[in-house]
Amino acid sequence: MRTEEDTPLADRVLLIESRADEGALASIGQSLPRRSANDEALFLSYNYADVPVGRRFGCCFRRSDESDVVRVTTTVVAVTQQFGVGWDEIPHGWKTLAVLRFDPEIPALIRDLPEAARWFDQPVSIHVSDNDTWEARAASRQRNES
């Protein structure tokens with residue numbers, strides 16, 4: 001168990017690999033709720049801490065270009081893993097299939113992700129974090145470039 005408070009601010013990032021395809025949802029996503037128009041089922045890579053369902057984040061950005069940031073409220077709606085059992089959190093160190101809700105809408109950088117049938121089909125390409133985490137990462141990049 002690892003809390004967010006035990007994680008350095010700049011490391012508090014959800015790592016998105018891809019959108020889940022219909023086969024993945026049928027085989028391991030049975031416990032996930034029906035998605036609304038602003039929800040997306042996503043394969044997440046190894047998680048930085050225990051993150052509860054209901055946790056909200058403030059932005060999404062590309063791993064390859066962290067300056068390409070979209071300010072969007074992102075809420076963890078539901079979580080499962082390879083056995084299809086619903087969880088009340090994204091556990092530290094686990095790869096999960098999660099439903100995230102984007103408000104006011106799903107940003108293009110999420111909609112444009114490829115679909116996959118399982119983890120490891122795609123590399124991590126999108127990060128989700130709080131605005132404070134994004135700013136800490138941006139400040140670190142600026143220091144490293146100086």
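Further up the page is the structure itself.
Overview of the structure. (Residues numbered from 1 in each chain as written. Predicted model: local features only at pLDDT ≥ 70, side-chain atom pairs only at ≥ 80, totals over all residues. Heavy atoms only, no water.)

This next bit is on the overall build of the chain. In terms of helices and strands, the chain carries 3 helices and 9 strands. When its helices and strands are written in sequence order, the chain yields β-α-β-β-β-β-β-β-α-β-β-α. Relative to its length of 146 residues, the chain is compact, with a C-alpha radius of gyration of 15 Å against a globular reference of 15 Å. For the chain, the spread of C-alpha atoms along the three principal axes comes to 50 × 35 × 30 Å. Counting every position in the chain, which comprises 146 residues, the buried fraction comes to 47%. Looking at the chain alone, contacts between residues at least 24 apart form 75% of all its contacts between residues at least 6 apart. Summing over all exposed atoms, the chain offers an accessible surface of approximately 7400 Å²; the carbon and sulfur share of this is 47%. Placing the 17 positive and 24 negative side-chain charges of the chain at their respective mean positions leaves the two points 1 Å apart. (Helix = DSSP H or I, 4+ residues; strand = E, 2+ residues; numbered from the N terminus. Rg over C-alpha atoms; globule rule 2.2 N^0.38 Å. Buried < 20%, exposed > 50% of the residue type's maximum accessible area, 1.4 Å probe, protein only. Contact = heavy atoms within 4.5 Å. Areas by Shrake-Rupley, 256 points an atom, 1.4 Å probe, with all protein chains shown as cover. Lys, Arg positive; Asp, Glu negative; His and termini not counted. Charge placed at Lys NZ, Arg CZ, Asp CG, Glu CD.)

A few words on the pattern of salt bridges. One pass over the structure, following the stated rule, counts 9 salt bridges. When the shortest N-O distance is used, the salt bridge between aspartate 39 and arginine 101 registers 2.7 Å. One end of the pair, aspartate 39, is in strand E2 (residues 39-44); the other, arginine 101, is in strand E7 (residues 96-103), and 62 residues separate them in sequence. Residue arginine 118 is joined to aspartate 121 by a salt bridge in which the shortest nitrogen-to-oxygen separation is 3.3 Å. A residue is classified by how much of its surface remains accessible, and aspartate 121, at 30% relative accessible area, is partly exposed. If you follow the salt bridges from partner to partner, you end up with Glu4, Arg55 and Asp130 in one network. (Salt bridge = Lys/Arg side-chain N within 4 Å of Asp/Glu carboxyl O.)

The next point concerns the state of the cysteines. Across all of its chains, the model carries 0 disulfides by this definition. Cysteine cysteine 59 shares no disulfide, and the gap to the nearest cysteine sulfur, in cysteine 60, comes to 6.9 Å. Using a relative accessible area of 0% as the deciding quantity, one classes cysteine 59 as buried. (Disulfide = S-S within 2.5 Å.)

Its place among the elements puts alanine 10 in the segment before strand E1 (13-20). Expressed as a C-alpha distance, the spacing of alanine 10 and alanine 136, which sit 126 residues apart in the sequence, is 5.5 Å. Sequence-distant contacts of alanine 10, that is, excluding residues within four places in its chain, are made with Thr133, Ala136 and Arg137.

All right, on to the pairing of E1 then. Burial analysis of E1 places 7 of its 8 residues in the buried class, which makes it a mostly covered element. In this sheet, strand E9 (residues 126-129) lies alongside E1 in antiparallel orientation, the contact comprising 4 bridges. When the sheet's bridge partners are listed, leucine 15 is paired in E9 with histidine 127. Pairing of E1 with E2, which is carried by 3 bridges, proceeds in the antiparallel orientation. (Pairing = 2+ DSSP bridges.)

Let us now look at the side chain of aspartate 21. Looking at the secondary structure, you find aspartate 21 in the loop between E1 and helix H1 (22-28). Look at aspartate 21: it is buried, it has no salt bridge, and the nearest opposite charge is arginine 118 at 8.4 Å. Setting aside residues no more than four positions away along its own chain, aspartate 21 makes contact with Glu115, Ala116 and Ala117.

In this section: the nonpolar core. Ranked by size, the top nonpolar core spans 22 residues in total, and within it Ile16, Leu42, Val76, Phe102 and Ile110 carry the most contacts. When neighbours within four sequence positions are excluded, isoleucine 110 is seen to be in contact with Ile16, Arg19, Glu40, Leu42, Phe102 and Ile126. Formed by 12 residues, the second largest nonpolar core is a distinct cluster that contains Ala20, Ala24, Ala78 and Ala116. (Core = buried A, V, L, I, M, F, W, Y, C linked by side-chain atoms within 4.5 Å.)

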